[in-house]
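Working through the structure, step by step
Chain by chain, the residues run as shown.
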Amino acid sequence: MKATDHNLRDAPERARFREMKKGTAEDWAIIGGEYRQFARGLPDRVLDHLRLLDGDFGGFPVCRLEHSLQTATRAHRDGRDEQYVVMALLHDIGDTLGSYNHPEVAASIIKPFVREELRWICEHHGHFQGYYYFHYLGMDKDAREAFRGHEHFDACAEFCEKYDQAAFDPDYESEPLAFFEPMVRRVMARPLASLYKLEEQAEAAE
Ligand SMILES: [Fe+2]
Ligand SMILES: [Fe+2]
């Protein structure tokens, strides 16, 4: 397919440059407007992607969506705040595209919206989960010890012990995804910090 075929899709207004270095302020006003609309759809895209885990068992007692719901439900019922619960819900969302580094994928998605402690937990939960099974696969169950002494070590170990490794029970009554949707929308409504300032500026102007 030629690049021009994509241009047949209906976009009301488009930038005129063919190389970015020829871009103008007018071009970027158009792109900025589109970006703000697109960014608002992020929670929907994330929820859609989470649904891809439905029915994906990979040999586990529950599918990856149920595991995600159960992890989040356990965290919520234990009194964790909304950022924490959303992290728990999304911690394995990288499974589909990041088959060899899923914690990093999830951590990158949530990074703009949660405090650093939660991003760190998400990024490192793979090493910490290994404490419960790496030795069955000829690996070092103490791989997490490489991070001993880090300020978030205990928090990550606690996440895995209380919620993640505990969320494989087919008889547990998890909340449905609809229960968590408003939380995802609130947490992802605007970035706490981002390289791209357009969304924050838009919010300020409203
Ligand atoms: Fe995981
Ligand atoms: Fe998990």
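Let me sum up the structure you'll find in this document. (Residues numbered from 1 in each chain as written. Chains lettered and ligands numbered in written order. Predicted model: local features only at pLDDT ≥ 70, side-chain atom pairs only at ≥ 80, totals over all residues.)

The next thing to look at is the overall build of the protein chain. A count of helices and strands for the protein chain gives 10 helices and zero strands. From first element to last, N terminus to C terminus, the protein chain shows the α and β order α-α-α-α-α-α-α-α-α-α. For the protein chain, the proportion of its 206 residues judged to be buried stands at 27%. At a minimum sequence separation of 6, the contacts of the protein chain that also span at least 24 residues come to 55%. (Helix = DSSP H or I, 4+ residues; strand = E, 2+ residues; numbered from the N terminus. Buried ≥ 20, exposed ≤ 12 C-beta atoms within 10 Å, placed from the backbone. Contact = placed C-beta atoms within 7 Å.)

This part takes up the packing of helix α4 (residues 64–77) against helix α5 (residues 82–90). Two measures define how a pair of helices packs: the angle their axes make with one another and the distance between the axes. Viewed as axis vectors pointing N to C, α4 and α5 meet at an angle of 160°, and their least axial separation amounts to 7 Å. In terms of axis orientation, α4 runs roughly antiparallel to α5. In terms of crossing hand, the pair formed by α4 and α5 is right-handed. In contact with Ser68, Thr71, Ala72, Ala75 and His76 of α4, α5 contributes Tyr84, Val85, Ala88 and Leu89. (Axes fitted to C-alpha atoms, helices over the stretch in contact; angles between N-to-C directions. Parallel < 35°, antiparallel > 145°, perpendicular 65-115°, else oblique. Left-handed = near helix turned anticlockwise from the far one by under 90°.)

Counting residues in each nonpolar core, the largest one holds 32 residues, and the members touching the most others are Val85, Val86, Met87, Ala88, Leu90 and Ile110. At the level of elements, α4, α5, α6 (102–110), α7 (116–129), α8 (153–164) and α9 (177–187) are the ones that each hand at least two residues to this core. Sort the elements by how many residues they give to this core and α5 lands first, with seven residues. Here Ala88 is in contact with Thr71, Ala72, Ala75 and Tyr163, once residues within four sequence places are set aside. (Core = buried A, V, L, I, M, F, W, Y, C linked by C-beta atoms within 7 Å.)

Right, let's get into α7. Across its 14 residues, α7 extends 19 Å between first and last C-alpha, which sits within 8% of the 20 Å expected from 1.5 Å per residue. At Glu123, α7 shows its largest bend, some 45°. For α7, the complete set of buried residues consists of Leu118, Arg119, Ile121, Cys122, Glu123, His124, His125, Gly126, Phe128 and Gln129. Looking at the packing, one finds that the buried side of α7 touches α5, α6 and α8. (Expected span 1.5 Å × (residues − 1). Bend = angle between axes of the 7 residues up to and from the residue.)

With that out of the way, let us pick up the environment of Glu151. Among the secondary structure elements, Glu151 is positioned in the loop between α7 and α8. Separated by 34 residues in the primary sequence, Glu151 and Glu117 place their C-alpha atoms 8.6 Å from one another.

This brings us to the environment of Leu192. Mapped onto the fold, Leu192 is located in the loop between α9 and α10 (198–205). In this structure the C-alpha to C-alpha distance between Leu192 and Val114, which are 78 residues apart in sequence, comes to 7.2 Å.

Okay, the packing of α5 against α6 next. Relative orientation of the contacting elements α5 and α6 amounts to 145°, with a least axis distance of 10 Å. In the crossing of α5 with α6, the sense of the turn from one axis to the other is right-handed. The segment α5 lies against α6, with Val86, Met87 and Leu90 engaging Ala106, Ile109 and Ile110. When grouped by side-chain class, the residues that make up the contact of α5 with α6 number six nonpolar, no polar and no charged. (Nonpolar A, V, L, I, M, F, W, Y, C, P; charged D, E, K, R; others polar.)

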